[in-house]
Structure formats: structure tokens, C-alpha cells
Amino acid sequence: MTKRSVIAISALLLASACSEHSSSGVGPNSSGGTSSGFIRGRSDGSYALGVTVDGAFCSAVYTNARPGGSELSPLSCTGGQSGNATVLYDGNGAPKSATYGGLEIGSGTVTF
């Protein structure tokens, strides 16, 4: 299986539990590149985050959205990389940004 296939399959599996609410964004990465990401509301009320950075697709699930709050979750990445991401919620409890970091993926913020 190619790396591109693994990324596509991971994205499909993550999105399969998602409902219609979705936001996407881009942001700079500490490596000098750009990262892109999306966040989608899931049917169970949680959120699924997907971030593509330096050729890796990383994902996480968030289950504790609160107005004005934040939530930290570990990232699972297709290339074996790892890290964490924190989602910030706006005054209505909707995700407004995700800040990620890890040794092999660098760090950055994607604003939705």
C-alpha cells in the first residue's frame, strides 16, 4: 500500500463518523512550510480533527467542547509521527483553531 493510499484511507475513516458541520483552514508550520487542516462535527457530538503537515496526515478526536474552552488530544499520524493538538473553542463552543506540535511534524496553528 502506498503512502498516498494510507493517507486517503485514514481521511475516509476519520470522516466516516462525521456529520455535515465542517471547517477547514491553513497556517504556517515551524519547518517553514504550510499546514492544512479540517475539523468536522461527528454524529455523537464530538469533533474530528485532521491536519496535513510535512507529508503526514494526523488526526485526533475531541469530546469535551465548551464555550470559550480548550481541549488537548494526542495526534495519530500516518507516517508513524506523533504529537498533540489543542483545539480552542469560541463563545458558542464551536472550534476556532487547532495548535499542534510534535518532534517529527513541527508545530503550528490552523485557524478555521
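What you are looking at is a predicted structure, and each value in this text was computed from that prediction instead of being measured.

**Student:** Before we go on, may I ask you to explain the overall build of the protein in this structure?
**Tutor:** Along its length, the protein carries one helix and eight strands. Beginning at the N terminus, the succession of helices and strands in the protein can be written as α-β-β-β-β-β-β-β-β. Counting every position in the protein, which comprises 112 residues, the buried fraction comes to 38%. Working note: accessible area of the protein is about 5800 Å², and carbon and sulfur atoms make up 52% of it.

**Student:** Help me understand unusual backbone geometry in this model?
**Tutor:** Trans is the common state for peptide bonds, and a negative phi is the common state for residues other than glycine. Non-glycine residue Asp 54 carries a positive phi angle of around 50°. The topology assignment puts Asp 54 in the loop between strand S3 (47-53) and strand S4 (56-62).

**Student:** Any chance you could explain the state of the cysteines here in plain terms?
**Tutor:** As used in these notes, a disulfide is a covalent bond between sulfur atoms, one from each of two cysteines. Enumeration according to the criterion identifies one disulfide in this entry. At a sulfur-sulfur separation of 2.1 Å, the disulfide partner of Cys 58 is Cys 77. When the S-S torsion is 105°, as for the bridge of Cys 58 with Cys 77, the disulfide is right-handed. In this pair, Cys 58 is assigned in strand S4 and Cys 77 in strand S5 (residues 70-77), connecting sequence segments 19 residues apart. Looking at Cys 58, the relative accessible area reads 1%, which means it is buried.

**Student:** Before we go on, may I ask you to explain the packing of aromatic side chains in this structure?
**Tutor:** In this description, an aromatic ring pair is defined by two values, namely the gap between the centres and the angle between the planes. With the rule as written, the count across this model stands at two aromatic pairs. With a centroid separation of 6.3 Å and 45° between ring planes, the pair formed by Tyr 47 and Tyr 89 is classed as tilted. Of this pair, Tyr 47 sits in strand S3 while Tyr 89 is found in strand S6 (residues 82-89), placing the two residues 42 residues apart along the sequence. The positively charged end of Arg 40 is found above the aromatic ring belonging to Phe 38, 4.3 Å away from the centroid.

About the thresholds
Residues numbered from 1 in each chain as written. Predicted model: local features only at pLDDT ≥ 70, side-chain atom pairs only at ≥ 80, totals over all residues. Heavy atoms only, no water. Helix = DSSP H or I, 4+ residues; strand = E, 2+ residues; numbered from the N terminus. Buried < 20%, exposed > 50% of the residue type's maximum accessible area, 1.4 Å probe, protein only. Areas by Shrake-Rupley, 256 points an atom, 1.4 Å probe, with all protein chains shown as cover. Disulfide = S-S within 2.5 Å. Phe/Tyr/Trp six-rings, centres within 6.5 Å; stacked < 30°, edge-to-face > 60°. Lys NZ or Arg CZ within 6 Å of the ring centre and 35° of its normal.

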